[in-house]
Amino acid sequence: MTSVDDIKARVCEAIDRAADRITALSDDILRHPETGYKETRTSGVVVEQMKQLGLDPQTGLARTGVKGRLRGRSQGPTVAVVGELDSLIIPDHPFADPVTGAAHACGHNAQIASMIGAGIGLAEVSGELDGDVVLFAVPAEECIEVDWRLGLRDQGELHHTAGKAELIRAGHFDDVDLAMLTHAGPAMLPMGVGANANGSLVKRIRFHGRSAHAGAAPWAGVSAYKAATVAIAAIDAHREMFRDEDGVRVHHLITHAGDAVTAIPARTDMEMLIRARTIEGMKRASEQVDRALRGGALAMGADVEITTAVSFLPFSDDAALVEVLEPNGRALVGDGFVDLKDLAAGGSTDMGDLGSVMPVVQPIASCGTDAVAHGNAFYTKDHVAAAVLPAKVMAMTVVDLLVDGAARARKVLDAGGPKMTRQEFVDLHDSLSTDERFSGGGLSAEA
Ligand SMILES: [Zn+2]
Ligand SMILES: [Zn+2]
């Protein structure tokens, strides 16, 4: 009988033989960034890669997602290896698209390469596994271009700003039991696991005022812009009162300030992200922010429309999956494998959404720079560390999960306890999505 170690060795040999293909893929996507729900070229590249593996992928899932399935020798749990398709927008990034400003400043290019790399390894041995492997390229992890995405939602073309929630709602994860994805991290951490991440709510805000000649008759106007700046000052005042344990982060942009400098602005638009460790913390901070937004409108007599939606649920790695993955990481990077559970959880990811419906693990792997993620100097400098090693770690972990009647996958599923059903997930998202219009009272008064 073939040992697990023998299967893993063959998987790693296949990945090593394909190392040039994997690093070239990571580099190609780095040089062709596309933002969420617009990743058409990138999904086309994934389709080609999956076809080379002999798969017949499903395409156009949640607009741009691609899903391929490697069949095991018998039916059992299905493990997904996931990669995110999308980039950020960082126009001064060295690999930014000159037209759109899109840039892979979060290393998702390496995720797609590590997913395909894991597939290359697992394709060699899938006939010895007691369950299927799904390779899943997913859209729109970064919560950006909020107004555009909520506009698609208003037109009924989307339900969620984030890709994994959209895929879950549409049932595309119904035939998956466990999932993993390796995210890029700094060079000081060759590889690690166990990090948490905040959940987040997204807001689209529109202040309505009344225009008037800014020189000849400013008193006849109601400044939407001033209402927004008063609201921002009130949000900043609230930062003192956020609870430490909630780990709140609030970021906002004014995406439309006004139309003509000679007129009192009648419309000012903002978008905002509110992050916190728990759903209760997200709700508490959101209520504080809404009070500040209404306060800005009241102070100036403007109206404010506030649209709130979930961008991500809070994330943590599944402890039982970490146990399976960790020895594989240590086998590759030794003491360079780090326990990240004490790392501050400022960021967020829609792996939190996936983790609410199934056990998930998201190891972090060096992308070869200590520059800060989402900054203009962060990009994949070491494609081997960022894509080839993660491909091996994930493929070896899949082997551990699915050999011998998929005993370890079943153990992880039992240990994880009950997860949300798809309907419970949808209901939770819907319950946190609200629309409000508050009137500061000035627009109905005589000009
Ligand atoms: Zn990111
Ligand atoms: Zn990311």
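Our subject is the structure listed above.
In this report, the structure presented in the accompanying data block is examined. Every value quoted in this text rests on a predicted model; they were computed, and no experiment measured them.

Rules used throughout
- Residues numbered from 1 in each chain as written.
- Chains lettered and ligands numbered in written order.
- Predicted model: local features only at pLDDT ≥ 70, side-chain atom pairs only at ≥ 80, totals over all residues.
- Heavy atoms only, no water.
- Donors = N, O, S within 2.8 Å, 3.2 Å for Na, K, Ca; no water.
- Helix = DSSP H or I, 4+ residues; strand = E, 2+ residues; numbered from the N terminus.
- Buried < 20%, exposed > 50% of the residue type's maximum accessible area, 1.4 Å probe, protein only.
- Tetrahedral: all angles 85-135°; square planar, octahedral: opposite > 155°, others 65-115°.
- Pairing = 2+ DSSP bridges.
- Contact = heavy atoms within 4.5 Å.
- Axes fitted to C-alpha atoms, helices over the stretch in contact; angles between N-to-C directions.

1. Some remarks on the coordination of the zinc ion (ligand 2)
Part 1: For the zinc ion (ligand 2), the protein coordination sphere consists of Cys-106 (SG), His-108 (NE2) and His-183 (NE2), at 2.1 to 2.3 Å.
Part 2: Mapped onto the sequence, the residues coordinating the zinc ion (ligand 2) show the spacing C-x1-H-x74-H.
Part 3: In this structure, the zinc ion (ligand 2) is positioned 3.0 Å from the zinc ion (ligand 1), and both are ligated by Cys-106. Taken as a pair, Cys-106 in the loop between strand 5 (102-103) and helix 4 (108-123) and His-183 in strand 8 (residues 183-185) lie far apart in primary sequence, 77 residues in all.

2. Let's talk about unusual backbone geometry
Part 1: Within the chain, Ala-62 stands out as a residue other than glycine whose phi angle is a positive 50°.
Part 2: Here Ala-62 shows up in the loop between strand 1 (58-61) and strand 2 (65-70).
Part 3: In this model, Ala-406 sits at a positive phi of 55°, which is unusual for a non-glycine residue.
Part 4: In this structure Ala-406 comes out as buried when scored by relative accessible area, which is 0%.

3. Focus: the coordination of the zinc ion (ligand 1)
Part 1: Cys-106 (SG), Glu-142 (OE), Glu-142 (OE) and His-374 (NE2) make up the full set of protein donors to the zinc ion (ligand 1), lying at 2.0 to 2.8 Å.
Part 2: One can describe the donor arrangement at the zinc ion (ligand 1) as irregular, given that its four donor atoms subtend angles of 52 to 148° at the metal.
Part 3: For the zinc ion (ligand 1), the single-chain donor residues occur in sequence as C-x35-E-x231-H.
Part 4: When its relative accessible area of 37% is taken as the criterion, His-374 is described as partly exposed.

4. Some thoughts on the sheet that holds strand 7 (residues 178-180)
Part 1: An order of 1-2-6-3-7-17 is seen for the six strands of this open sheet, with the pairing classed as mixed. Two strands in the sheet have a free side with no partner beyond their single neighbour: strand 1 and strand 17 (360-361).
Part 2: Here two bridges tie strand 1 to strand 2, and the two strands are oriented antiparallel to one another. For Leu-61, the partnering residue across the bridge sits in strand 2 and is Gly-65.
Part 3: Of the strands in this sheet, strand 3 (79-84), strand 6 (133-138) and strand 7 touch helix 11 (residues 383-402), which is tilted by about 160° from strand 3.

5. A look at the pairing of strand 11 (residues 199-208)
Part 1: Burial analysis of strand 11 places nine of its 10 residues in the buried class, which makes it a mostly covered element.
Part 2: In this structure, strand 11 lies alongside strand 13 (residues 267-276), joined through 10 bridges in antiparallel fashion. Opposite Lys-203, over in strand 13, you have Met-272 as the bridge partner.
Part 3: Two strands pair when backbone bridges link them, and strand 11 and strand 14 (residues 303-312) are joined in this way by nine bridges, in the antiparallel orientation. In the strand pairing of strand 14, Ser-200 is matched with Phe-312.

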